[in-house]
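Each chain, letter by letter, is given below.
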Amino acid sequence: MVSNLALTVKTDIPPPALQFPIEGMTCASCVARVEKALCSVPGVAGAEVNLATERASLALSGAVPVAAIIAAAVAAVERTGFGVPVGQADLAIEGMTCASCVARVEKALLAVPGVEAVDVNLATERAHIQYRALADEQLLLAAVQRAGYAAGLAAQTLPAHAPRDQQTWLLVASAALTLPLVLPMLLMPFGVTLTLPAWLQCLFATPVQFVMGARFYRAGYKAVRAGAGNMDLLVAIGTSAAYGLSLWLWWAAAGHAGHAPHLYFEASSAVITLVLLGKWLEARARRQTTDAIRALQSLRPEAARVRRDGVDMDLPLAAVRVGDIVVVRPGERVPVDGEVSEGRSHIDTSLLTGESLPRVCQPGDAVVGGAINGEGLLVLRAMAVGGDTQLARIIALVENAQAKKAPIQRLVDRVSAVFVPVVLGIALLTLLGWGLGAGAWQQGLLNAVAVLVIACPCALGLATPTAIMAGTGVAARQGILIRDAETLEIAHRLKVVAFDKTGTLTVGRPQLVAIEALQPDQPDVLTLAAAVQAGSEHPLARAVVDAAVAHGLAVPAAQDVRVEAGRGIQARVDAQALFIGSERWMHERGLTTGPWQARAAALQAEGRTVSWLADETHLLALLAFGDEPRAEAAATVARLQGEGVRSVMLTGDHATSAAAIARRLAVSDVHAGLLPADKAALIARLGAERGATAMVGDGINDAPALAAADVGIAMGGGTDVAMRTAGITLMRNDLRLVADAIDISRRTWRKIRQNLFWAFLYNVIGIPLAAAGLLNPVIAGAAMALSSVSVVSNALLLRRWRAQAGRAASKGVQT
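Conventions we followed
- Residues numbered from 1 in each chain as written.
- Predicted model: local features only at pLDDT ≥ 70, side-chain atom pairs only at ≥ 80, totals over all residues.
- Heavy atoms only, no water.
- UniProt positions renumbered as here; feature names shortened; annotations may be inferred.
- Phe/Tyr/Trp six-rings, centres within 6.5 Å; stacked < 30°, edge-to-face > 60°.
- Helix = DSSP H or I, 4+ residues; strand = E, 2+ residues; numbered from the N terminus.
- Buried < 20%, exposed > 50% of the residue type's maximum accessible area, 1.4 Å probe, protein only.
- Patch = residues over 30% accessible without salt bridge, like charges linked within 9 Å, V, L, I, M, F, W, Y side chains within 5 Å.
- Areas by Shrake-Rupley, 256 points an atom, 1.4 Å probe, with all protein chains shown as cover.
- Salt bridge = Lys/Arg side-chain N within 4 Å of Asp/Glu carboxyl O.
- Expected span 1.5 Å × (residues − 1).
- Contact = heavy atoms within 4.5 Å.
- Axes fitted to C-alpha atoms, helices over the stretch in contact; angles between N-to-C directions.
- Parallel < 35°, antiparallel > 145°, perpendicular 65-115°, else oblique.
- Left-handed = near helix turned anticlockwise from the far one by under 90°.
- Nonpolar A, V, L, I, M, F, W, Y, C, P; charged D, E, K, R; others polar.
- Pairing = 2+ DSSP bridges.

Looking at an unreviewed UniProt entry, one finds the protein chain named Copper-translocating P-type ATPase CopA1, with Viridibacterium curvum as its source organism. Reading the Sequence similarities (unreviewed entry) entry of the UniProt record for the protein chain gives the comment "Belongs to the cation transport ATPase (P-type) (TC 3.A.3) family. Type IB subfamily."

See below:
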C-alpha cells in the first residue's frame, strides 16, 4: 500500500471548492475508482482523492447548484462501495431571544449545501450541525450571521456584544430613568397627584427608548431583513407605538390651552425596563442550568507532574501521553486515567460518581482523572488522556444531553415559527377593531401595543430545554448520566425494566464453591479450568483463577483461546482441546450431562451457577459458583413495583439457578438460558407487548439487549461496550439508581409539561385580555417578563432533587 497517495484526474484544476471525507479506501486502485466516479458527477470540474487523509477535494464548474453536486457526489462514492461519514460541527450563537429565533437559525443553517440536520438550543445558545459535505465551516457562520445573529465555532470565544456587567448597567440606568415616569401612577391610589411636564417625561423616556432599548431595534431590524419576526421586533414595534403616540399627543396639545393630555412615555419606558429585567433574571437563571457542566469541567487540572528520565516535570495536560509516568501528590486531583504502579492512598471520586466514601487505592488499581488523591503519594501509568478519559466522556455525555432537543420541542418550534406573524395580525386587527368599530384609535393603539408586548414566544422556547438542562445536570451530580433528551423523554413512561442477573442483580463477584472431577483419570481439573479461564475477564473465569491461586497451583499457559458469546470459552492446554461452558453448549457439542444431572440440579436449586469442563469427547468436571444478590436489589425491585414498573430477570444461566435468585428478590418474571441474541429478541418482544422497556446490564453480552431496549441502562462498573451502547449510564454500582433515573426522568417531564402549559396559558389568556383593553401595556410587559422568568425558575426547582440511592445527598458534582 502506498502511504501517502494523491492521484489527480485533472492536473490544472483550480483550488478545491468542496471537500469531504471518504471511508473504506485501502489502496491506490480505490483512489482511482473514487476519482473516476466523482469526475462523472455533473458540475464537477476536477477531483483529487488523498488516501492518507481520506479526503476528496472537488473543483466545481459553477453550472450546477452545490447542493445537487453534494448529493450526486455522495451517491457516486457510495456506488463505488465506499462511504461518506456524517460530519459534525457545533456553533455558539449570540442574540437569540425566543423560539422564533431558534426556528430562523435552523432554517438558515439547513439552507447551507450539504447540511442534513440541525439542532439549535435556546437555553445553551448552541447549534449542533450534521453534514455530509461542506465547502467550509465559515459557510455555517455566514448563514447564521445573515439570519441576524453572531456566531462562532463552539470552541472559540464569541464577541461580547452584551457582557453581564453591561447588561446590569443598562438595566440599572433604564430603571433609574423609568422610576420618575411611573411614580405618579404608583402614588395615584394614595390620593397623591403628581404630573411631570411633558418635556421632562420625554427627556426621561428618550434614552430608555433609543439607548437602553437599542438592542430591540437592532435585533428587530435583522429579523425583518431576514424575512421573519421575533420577540425583539414585537417589543420594538409596541414601545415605538406608545412613544410615538405620546409625541403626537404632546404636539397636538401644544397650541391648545387647558388640561394637558395624558402621555404614554411611562408605558414605553416601563415595558423596556421590565423586559430588560426579565432578560437579566432569565440569563442569571439560565447560567445556573449549566452549572453541572462547569463543575465537571473544573475537575480537569491544567497540568500534570510527569516523570521522564527519572526527573519530575510539570507539563500541560495536552502534553501528557499514554504510557507516561504521572506523579500525584496528596490532596491533588488525578490528571489522567491511569493504573497505580507505586504508592497507597485513598481516592475520593464523589464529585464524579456521587460515591460518598473514599476508596483504598494501591498498586494495580485503576484511578480516574478528576478524582482527589488522599493522604499518600501515588505514581500512575497513564492509560487514557485528553478526550479519551472517563471525565471527558462524562462531560461529552452531559453536554450532548443538554444540547439535543426533545421530540416535543420540535412541535413547539413549528408553532413558534408562525407565532410572531400571527401576533402582528392580531395586533393590527385590534387597532382596526377599536378604531373603526368604536372610533377609539388612541385606545386601539394602546391595546395593540399590549398585544405585541405580552405575546412573546420566549417562554415557549425556554420551556423544554431549561427543564432538560436542569434535569440532566442534577442527574449527573447524583451519578446518573443521561445520553440525550430523547432518552429522557422515553424513560418517564417506562413500563418494564429487564435486569441481567450476573453482575447486575447479583454482586458480580462469584466464588467457586465446588469443583467435582467426573473422570477418575483426570484429577487436575482445577488446574486445567484455570488455564482455560486465565485469558477471560468474565466474573466466573476470575473465580476459577482465584481458586487456583488460593490452592497454590501452577497454572500452565493456554493457546488458541476463543470466547463463544453466551456459551463459554475454549482453549488448548498442553495440546489438549478444552471447553468450559453451559449445559446447553455441552449438548450442542454432543456431550450428555445425564449421569450428573441430579447433582447439578441440587446445586442449581441452591441458587448456584453450574458450568462444565470438557475435552473433545468427555465431560471432565462440574463447577459450581455462588454469587449473592446485591444488598439493594430486593428494595429496588419493590420500589419499581410500587411505581408501576414491572421487573424482569434475563440470564444465560440455568432456569433453576435463576429461579432461586428470583425468589429471594421477589421477581416473578424470569427468562433463563438466553444467548445474547435471545436477550435482544426478548427485549423487543417485551416492548411490543407491554410498552416502553429498559434493559439494565453491565457486560459485553448485554450490549445487543441494551441497544434493542427503548432505554439501555449500563452499570458504571461494567464494560466500556455496555456503557457506550446504553442511553443511561450509572456511575456507581448501585441498583437503586435505576429507580432514581426513572424518577428524575418523570420529574423532568413533569416540569416540561408544566412549563409548556404556563407558556401557552400566558398567551391564551393574555392576548385576548390585551385586545379587549383589559391589560395595560405596562402590566403586559411585566407579565411577559414574568413568563420567561417563571419558566426558567420552575425548571431550576429540579436542582433540589436528590437520588434516594445517594449515600451522599450533597456529594455529587456541586453547583
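Colleague: Looking at this model, I keep getting lost on the packing of aromatic side chains. Mind explaining?
Modeller: The description of an aromatic ring pair rests on the distance of the ring centres and on the angle between the ring planes. With the rule as written, the count across this model stands at 5 aromatic pairs. For the ring pair Phe 210 and Tyr 243, a centre distance of 5.2 Å and an interplane angle of 90° mean the geometry is edge-to-face. On the criterion of sequence distance, the pair formed by Phe 210 in helix α6 (residues 198-212) and Tyr 243 in helix α8 (residues 231-252) is long-range, its members being 33 residues apart. Of the residues examined, Phe 210 reaches a relative accessible area of 42% and is grouped as partly exposed. Taking 5.4 Å as the distance between ring centres and 65° as the angle between the ring planes, the aromatic pair formed by Tyr 243 and Phe 265 counts as edge-to-face. Taken together, the positions of Tyr 243 in helix α8 and Phe 265 in helix α9 (residues 265-289) put the pair 22 residues apart, joining distant regions of the chain. For the pair Tyr 243 and Phe 265, one class covers both residues: buried. Here the aromatic residues Phe 210, Tyr 217, Tyr 243 and Phe 265 are joined through ring pairs into a cluster of three or more.

Colleague: Would you take a moment to explain a nonpolar patch on the surface for this structure?
Modeller: Together, Val 415, Phe 760, Val 764, Ile 765, Leu 769 and Leu 774 make up a nonpolar patch on the protein surface, roughly 510 Å² of accessible area in all. By residue number, the principal contributor to the nonpolar patch is helix α28 (residues 736-771), which donates 4 residues. Locating Val 764 in the fold gives a position in helix α28. The exposed category is assigned to Val 764, whose relative accessible area is 56%.

Colleague: What's the story with the UniProt feature "transmembrane region" (unreviewed entry) in the protein chain in this structure? I'm lost.
Modeller: Mapped onto this numbering, the UniProt entry annotates "transmembrane region" (unreviewed entry) at residues 169-192, 198-217, 229-251, 263-281, 415-436, 448-476, 755-772 and 778-798. Counted over residues 263-281, helix gives 89% and strand 0%. Its end C-alpha atoms are 29 Å apart. As annotated, residues 778-798 has a helix share of 90% and a strand share of 0%, and its two end C-alpha atoms lie 31 Å apart.

Colleague: For this particular structure, what's the right way to read the pattern of salt bridges?
Modeller: If the charged atoms of two oppositely charged side chains come close together, the side chains can form a pair. By the definition in use, this model includes 20 salt bridges. Three or more residues joined by partner-sharing salt bridges are found here, namely Arg 567, Arg 584, Glu 588 and Asp 678.

Colleague: Even after reading the chapter, I still don't get helix α20 (residues 539-550), so can you show me in this structure?
Modeller: Each turn of an α-helix holds 3.6 residues, which means side chains three or four residues apart point in the same direction. Here α20 contains 12 residues, and its C-alpha end-to-end distance of 16 Å stays within 8% of the 16 Å for a straight helix at 1.5 Å per residue. Turning to α20, its buried residues number three or more, namely Pro 539, Leu 540, Ala 541, Ala 543, Val 544, Ala 547 and Ala 548. The elements touched by buried residues of α20 are β20 (511-517), α19 (525-533), β24 (609-614) and β25 (619-626). In the segment just after α20, Gly 552 is the residue with positive phi, at about 70°.

Colleague: Please explain the packing of helix α3 (residues 99-110) against helix α4 (residues 138-146) as it appears in this structure.
Modeller: In helix packing, the relevant descriptors are the interaxial angle and the interaxial distance, both defined with respect to the helix axes. Where α3 contacts α4, the axes come no closer than 9 Å and their chain directions differ by 140°. With respect to α4, the axis of α3 lies oblique. Where α3 crosses over α4, the two elements pack in a sense that is right-handed. Where α3 abuts α4, its residues Val 105, Ala 108 and Leu 109 lie against Leu 140, Ala 143 and Val 144. The residue makeup of the contact of α3 with α4, split by class, is 6 nonpolar, no polar and no charged.

Colleague: Any chance you could explain the sheet that holds strand β14 (residues 359-361) here in plain terms?
Modeller: Strand pairing in a sheet takes place through backbone hydrogen bonds and is either antiparallel or parallel in direction. Ordered in space as β14-β13-β16, the 3 strands form an open sheet in which the pairing is antiparallel. Either end of the sheet is taken by a strand with one partner, and the two such strands are β14 and β16 (372-373). Relative to β14, strand β13 (residues 345-348) runs antiparallel, the two being bridged by 3 bridges. Within the sheet, the bridge partner assigned to His 346 lies in β14 and is Val 360.

Colleague: Help me understand the environment of Thr 349, please; the structure alone is not making it clear to me.
Modeller: Summarising the element assignment, Thr 349 is placed in the loop between β13 and α11 (350-353). Under the relative-accessibility criterion, Thr 349 is labelled buried at 12%.

Colleague: Explanation requested: the sheet that holds strand β12 (residues 337-342) in the structure shown.
Modeller: Read across the sheet, 6 strands follow the order β10-β9-β11-β17-β12-β15 without closing on themselves; strand pairing throughout is antiparallel. The open sheet has two free edges, formed respectively by β10 (311-316) and β15 (366-367), since each of these has just one partner strand. Across 3 bridges, the pairing between strand β9 (residues 303-308) and strand β11 (residues 325-328) is antiparallel. Within β11, the position partnered with Val 306 by the bridge is Val 326.

Colleague: In this structure, what is going on with the pairing of β9? I would like to understand it.
Modeller: Successive side chains on a regular strand alternate, one facing one side of the sheet and the next facing the other. Of the pairings in the sheet, the one linking β9 to β10 comprises 6 bridges and is antiparallel in character. Bridge pairing links Ala 303 to Pro 316 in β10. Once β9 ends, the chain turns through 2 residues before running back antiparallel as β10, passing Asp 309 with a positive phi of about 55°.

Colleague: In this structure, what is going on with unusual backbone geometry? I would like to understand it.
Modeller: Outside of glycine, negative phi angles account for most residues, and trans bonds account for most peptide bonds. Positive phi outside glycine occurs at Asp 309, with the angle close to 55°. Position of Asp 309 among the secondary structure elements: in the loop between β9 and β10. Unusually for a residue other than glycine, Asp 560 sits at a positive phi of about 55°.

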